[in-house]
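Take a look at the letters that make up each chain.
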Amino acid sequence: MRILVTGGAGFIGSHLIDRLMNEGHDVLCLDNFYTGHKRNVLQWLDNPYFELIRHDITEEIRLEVDQIYHLACPASPVHYQYNPVKTIKTNVMGTLNMLGLAKRVKARILLASTSEVYGDPEVHPQSEEYRGNVNPIGIRSCYDEGKRVAETLCFDYHRQNNVDIRVARIFNTYGPRMLENDGRVVSNFVAQALRGEALTVYGDGSQTRSFCYVADLVDGLIRLMNGGHMGPVNLGNPGEYTILELAQMIQHKINPEAEIQFKSLPQDDPKRRRPDISRAQEWLGWEPKVPVQEGLDKMIADFRSRLVPESFASHGASDHGAADGTPRIPTTVS
Ligand code: NAD
Ligand code: UDP
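Calculation notes
- Residues numbered from 1 in each chain as written.
- Chains lettered and ligands numbered in written order.
- Predicted model: local features only at pLDDT ≥ 70, side-chain atom pairs only at ≥ 80, totals over all residues.
- Heavy atoms only, no water.
- Helix = DSSP H or I, 4+ residues; strand = E, 2+ residues; numbered from the N terminus.
- Contact = heavy atoms within 4.5 Å.
- Pairing = 2+ DSSP bridges.
- Axes fitted to C-alpha atoms, helices over the stretch in contact; angles between N-to-C directions.
- Near = heavy atom within 4 Å.
- Polar contact = N/O pair within 3.5 Å; in protein donor to acceptor, adjacent residues only side chain to side chain.
- Areas by Shrake-Rupley, 256 points an atom, 1.4 Å probe, with all protein chains shown as cover.
- pLDDT = per-residue confidence, 0-100.
- Phe/Tyr/Trp six-rings, centres within 6.5 Å; stacked < 30°, edge-to-face > 60°.
- Buried < 20%, exposed > 50% of the residue type's maximum accessible area, 1.4 Å probe, protein only.
- Salt bridge = Lys/Arg side-chain N within 4 Å of Asp/Glu carboxyl O.
- Nonpolar A, V, L, I, M, F, W, Y, C, P; charged D, E, K, R; others polar.
- Parallel < 35°, antiparallel > 145°, perpendicular 65-115°, else oblique.
- Left-handed = near helix turned anticlockwise from the far one by under 90°.

**Looking at the environment of Trp-286**
The topology assignment puts Trp-286 in the loop between α8 (278-284) and α9 (292-306). Along the sequence, Trp-286 and Lys-271 sit 15 residues apart, while their C-alpha atoms lie 26 Å from each other. Contacts of Trp-286, omitting those with residues within four sequence positions, involve Cys-212, Asp-216, Leu-217, Asp-219, Gly-220, Arg-223, Leu-235, Gly-236, Ile-277, Ala-280 and Gln-281.

**Some thoughts on the sheet that holds strand β6 (residues 165-170)**
Across a sheet, paired strands are connected by hydrogen bonds in the backbone, their directions being either parallel or antiparallel. Taken in spatial order, the seven strands of this open sheet run β3-β2-β1-β4-β5-β6-β11, and their pairing is parallel. Strand pairing shows two members of the sheet lacking a second neighbour, β3 (50-54) and β11 (233-235), which therefore form its edges. Within the sheet, the average angular offset between the axes of one strand and its neighbour, ignoring direction, is 20°. Sheet topology places strand β1 (residues 2-6) next to strand β2 (residues 26-31); five bridges connect them, and they run parallel. Within β2, the position partnered with Thr-6 by the bridge is Leu-30. The strands that helix α1 (residues 11-22) touches are β1, β2, β3 and β4 (67-70); relative to β1, the one it contacts most, it runs at about 170°. Strands in contact with helix α3 (residues 84-105) are β1, β4, β5 (108-114) and β6; relative to β4, the strand with the most contacts, it is inclined by about 170°.

**Things to note about the site of ligand 1**
Within the structure, ligand 1 sits among 30 residues, and Asp-31, Thr-35, Leu-71, Tyr-143 and Thr-173 are positioned closest to it. One of the backbone nitrogen or oxygen atoms of Tyr-34 is found 2.9 Å away from an oxygen atom of ligand 1. One of the side-chain N or O atoms of Asp-56 is found 3.0 Å from a nitrogen atom in ligand 1. Against a free-state accessible area of 820 Å², the protein chains account for coverage of 96% of ligand 1.

**Things to note about the confidence of the model for the protein chain**
Confidence in the prediction for the protein chain averages 92 pLDDT; 92% of positions are at 70 or higher. This model gives residues 310-334 a pLDDT under 50, and the stretch forms 44 contacts once residues within four places in sequence are excluded.

**Regarding the packing of aromatic side chains**
Any two aromatic rings considered together are summarised by their centre-to-centre distance and by the angle between their planes. All chains considered together, the criterion is met by four aromatic pairs. Judged by centre distance (4.3 Å) and plane angle (5°), the ring pair of Tyr-80 and Tyr-143 falls under stacked. You can see Tyr-80 sitting in helix α2 (residues 77-82) and its partner Tyr-143 sitting in helix α4 (residues 141-161), a full 63 residues away along the chain. Each member of the pair, Tyr-80 together with Tyr-143, is buried. Relative to Tyr-213, the ring of Tyr-174 lies with its centre 5.6 Å away and its plane at 65°, an arrangement referred to as edge-to-face. Remark: Tyr-213 occurs in strand β10 (residues 212-213) and Tyr-174 occurs in strand β7 (residues 173-174); sequence separation between them is 39 residues. Per residue, the accessibility class of Tyr-174 equals that of Tyr-213, and both read buried. Ring-pair connections join several aromatic residues into one group, and the members of that group are Tyr-118, Tyr-130 and Phe-171.

**Observations regarding the pattern of salt bridges**
Overall, the coordinates contain 24 salt bridges when judged by the stated rule. Its salt-bridge partner being Asp-56, residue Lys-86 comes within 2.6 Å of it at the nearest N-O pair. Taken together, the residues Lys-86 in helix α3 and Asp-56 in the loop between β3 and β4 connect sequence positions 30 residues apart. According to the relative accessible area criterion, Lys-86 is partly exposed, its value standing at 27%. The closest approach of N and O atoms between Arg-184 and Asp-182, which form a salt bridge, is 2.9 Å. The class for Arg-184 is partly exposed, based on a relative accessible area of 22%. By sharing partners, the salt bridges in this structure join Glu-116, Arg-140, Arg-209, Asp-269 and Arg-273 into a single network.

**Quick look at the site of ligand 2**
Residues in close proximity to ligand 2 total 18 residues, the closest being Thr-200, Tyr-202, Arg-209, Asp-269 and Arg-273. Here an oxygen atom of ligand 2 and a side-chain polar atom of Asn-172 are 2.9 Å apart. Between ligand 2 and the protein, one listed contact pairs an oxygen atom with a side-chain N or O atom of Gln-207 at 3.0 Å. Isolated, ligand 2 exposes 520 Å² of accessible area, and the fraction of that covered by the protein chains is 95%. Looking at the shell around ligand 2, the elements with two or more residues in it are α5 (185-195) and β8 (199-202). Tallied by class, the residues present in the shell around ligand 2 amount to seven nonpolar, five polar and six charged.

**Considerations on the packing of α1 against helix α6 (residues 214-226)**
Describing two packed helices takes the angle between their axes plus the distance from one axis to the other. The interhelical angle for the contact between α1 and α6, taken along N-to-C directions, is 65°, at an axis separation of 10 Å. For the element pair α1 / α6, the angle class is roughly perpendicular. With respect to the hand of their crossing, α1 and α6 are arranged in right-handed fashion. For the pair α1 and α6, the contacting residues are Phe-11, Ile-12, His-15, Leu-16, Arg-19 and Leu-20 in the first and Val-214, Leu-217, Val-218, Asp-219, Leu-221 and Ile-222 in the second. Residue classes in the contact of α1 with α6 are distributed as nine nonpolar, one polar and two charged.

Below, the structure is given as structure tokens:
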């Protein structure tokens, strides 16, 4: 099949592309390189069945494809809050453009939605029936509400224009190729511990998250795309940890001497999050397989190799970042 992956040069998108290329598909990777990098798809650049398109999805594009994995959108709070209006445009205008494309060429489209549509949930764990507790005017709203509108657009295009949709609600995912400075918790802690810096726990660290290894997530996305249910379907690992527990786990693995530093909790930070994956189990025969301890080891090995100073020069600077892969935007939360 000819498959378009928007946001294909990003963290999840590039792992998805690896799977699709290895399965023998024709893959088009579309990205504006805001948080994605060519180096994530470097291994495919010379392959005739792979095409890299620099494009911003807020602008229309005409392509001929059979399937669309629509992932383009910054996912780290630091990145999506840097230019919130752009984040909304990406989610709304970008998703409109991709749905328009799907409609025109009769392609099936999968939206990478998020557990953030549940906001700061009052129901635990979260099943797909839960309608969420989202602040419409807070600093996370550009992303939460943006994704909620993106889901609405998918279902309206389905009802009104018969577009073949799939909607995945992705919970916190981690693994190799995350940006070392992208501001998300697992990448922050691993990079901090490897650099000998203090691990920054926001608040008292009692808030929880559930962490899914990227290979498991990609498997779930592919099953959803090729199965018979449009969703929404939660994809995540139900193993739930407090942020302090996560910090201690990473501290223990990398540097037991590393300090833990408590910082202020960002506004609207969800207190508890854990997916109910009954629907994914029943509809897709899917559940995560990689235990967090094993996934963390793989991610730490990747970060260790990237954080060796000499390797920065050989990887080169990114389009939007410094030579060490740091995006040219602030990466601290005050
Ligand atoms: P990422 O930031 O690594 O990847 C996003 C990609 O989209 C990047 O390559 C970026 O350059 C590209 N992009 C952003 N805006 C664009 C635009 N306007 N036009 C074209 N390309 C654009 O993030 P990720 O973790 O790989 O997340 C991928 C998708 O999965 C996102 O839609 C995100 O909302 C969703 N998601 C991720 C997680 C997670 O834990 N990683 C959780 C829930 C949902
Ligand atoms: N967090 C933290 N230290 C960090 C980065 C994040 O304690 O250096 C916390 C953050 O406040 C949140 C949790 O970790 O409670 C997950 O944050 P992340 O940005 O990874 O994802 P999200 O909040 O979108 O789930």
